[in-house]
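# Structural characterization, general
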Amino acid sequence: MATIKLNTPFDKKDIQNLKVGDTVYISGKMFTARDECHLKMLELHKEGKDIPFKPEDMALFHCGPVVQKKNDEWRIVSAGPTTSIRMEIFEDEFLKTFKCRMIIGKGGMADRTLKALEEVGAVYVHYTGGAGALAAMAIKKVEDVYWLDELGIPEAAWILDVCEFGPLTVTIDAHGNSLYNELGKEIQKNLEKIHREIEK
Amino acid sequence: MSNKDIEDQLVEAIRRAETQLPNDVVSALEKAYEVEEGPARVQVEAILENIKVSRETGAPMCQDTGIQTFYIEVGADFPYLGELKDIITNAVKRASGEIPLRPNTVNPFTGENPGNNVGNYVPYITWDIVKGEECTIHLLPKGGGSENMCALNMMAPGKGIKGLKRFVVDHIVGCGGKPCPPTVVGIGVGGGADLSLKLGKKSLLRDVGVRHPEPHIAELEEELLKLINESGVGPMGVGGKTTVLDVHIEYAHRHPASFPIGIAVQCWADRRSTVRITKDGRAEVI
């Protein structure tokens, strides 16, 4: 398990070299997208309309931040990850459409996303849930925000400039390996043992 | 003294809860850091670092600042009783802008978000009227990720305590990393469907490490804590020894035909604070 620093836009090879368990810090650009923002971007794409930023050059962050406007400038106050599995229903289509190389979230994702990550050459990295104040320290600037009026603060696409954002733990790599699948088997075994203890 | 003083202290209590994790929770997390390795240790380290940053900068420790949930023990002769609900609502509105909090109240039918964390039935207040002239308000900002993992089982009474253990263990292990473990689990047993869930959540007000006063319930809490931590789910569900920081149980007598078990799950950010108000309106965050 290595500690690796990466810059956006990510090099496909760097992403493919990442292994489950590696710790990553990233610098550069990311955009936030939760449920509504995923739907919005997919809808625009279907209508043949352009996305006003370049998702392929950024990390995708499952996050709905706390923000504050001071002197006409947005500031991120707290910005930890939201539960990623909610996005499982459309994340495969989203990845194939927008070619993001890194998803940052919490709690992991399932097989549809795992297959899409492999196809696109992307990884899923886990950021510590609830570590919103720590995340805000690594966010240097709000570059822009899209669909704020339409989607509201938590669901809008916030374009963030970050410096050594992390620690991010690779939990699904670009080759179909998932910490969650391996761990799931172990937990199942432990659970059977716990059941036996209860029945004693 | 005036309503404004009470309101000021309530805003301060919300700030305290959102930015300063209680010491009992921090100690439990520090213990977890000592025993964890690999990715689990990275998670707990980030949590502890985050707690420090939040305390130092005054930024809410988690971007999900929760639904503001209040438990009130109020004397029947407390002079501000009639105005207290309005004072609390105003404090929540003010805190939303001053701390700030994320706008977290959404109309389920229209999607409208008033932006100030109030709405129908919110802030959510549980009233306990007692004898006397004073008032104690406990605050529990409750995040959505862990709230989504709450559960109710109207268990067949014949399954007994073994059935209870199995339901709790299976449910919490099944939650995996979703409620942001290591969590604190509150279990309400008995009463009816609503009361069991209510007791489960109320038990989260108890400090981590403090046991139920009845020895056999205390023993059950410890047994469940040990069993769940044998699962290996670990901090944030990346695998490890600490899945839960504590398990709390509260109970009510049940109907002979029912055995309700309500599980309330609280993320590692087990945010709490308390305000005490005297009869002359002097309020203090304790």
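Rules used throughout
Residues numbered from 1 in each chain as written. Chains lettered and ligands numbered in written order. Predicted model: local features only at pLDDT ≥ 70, side-chain atom pairs only at ≥ 80, totals over all residues. Heavy atoms only, no water. Helix = DSSP H or I, 4+ residues; strand = E, 2+ residues; numbered from the N terminus. Axes fitted to C-alpha atoms, helices over the stretch in contact; angles between N-to-C directions. Parallel < 35°, antiparallel > 145°, perpendicular 65-115°, else oblique. Left-handed = near helix turned anticlockwise from the far one by under 90°. Contact = heavy atoms within 4.5 Å. Nonpolar A, V, L, I, M, F, W, Y, C, P; charged D, E, K, R; others polar.

That bond from Val122(B) to Pro123(B) is cis: its omega, 5°, falls within 30 degrees of zero. As for its placement among the helices and strands, Pro123(B) is situated in the loop between helix H4 (84-98) and strand E2 (124-130). A cis amide bond links Pro181(B) to the next residue, Pro182(B), at an omega of 5°. Inspection of the secondary structure puts Pro182(B) in the loop between helix H6 (160-175) and strand E5 (183-191). A positive phi angle is found at Asp72(A), which is not glycine, with a value near 70°.

A few words on the packing of helix H1 (residues 3-19) of chain B against H4(B). Residues and elements named next belong to chain B. Here H1 crosses H4 at 50°, and the two axes come no closer than 8 Å. Overall, the two elements H1 and H4 adopt an arrangement that is oblique. Handedness of the crossing formed by H1 with H4: right-handed. Taken together, the residues of H4 that come into contact with H1 (itself represented by Asn-3, Lys-4, Ile-6, Glu-7, Asp-8, Leu-10, Val-11, Ile-14 and Arg-15) are Ile-87, Ile-88, Asn-90, Ala-91, Val-92, Arg-94, Ala-95 and Glu-98. Of the residues contributing to the contact of H1 with H4, the split by class is nine nonpolar, two polar and six charged.

Moving on: the packing of helix H7 (residues 179-199) of chain A against H6(B). Their axes nearest at 10 Å, the elements H7(A) and H6(B) cross at an angle of 165°. Of the possible angle classes, the one that applies to H7(A) and H6(B) is roughly antiparallel. Considering only the axes of H7(A) and H6(B), their crossing is right-handed. For the pair H7(A) and H6(B), the contacting residues are Ile187(A), Leu191(A), Ile194(A), His195(A), Ile198(A) and Glu199(A) in the first and Lys162(B), Lys165(B), Arg166(B), Val169(B), Asp170(B) and Val173(B) in the second. Here the contact of H7(A) with H6(B) is composed, by residue class, of six nonpolar, one polar and five charged.

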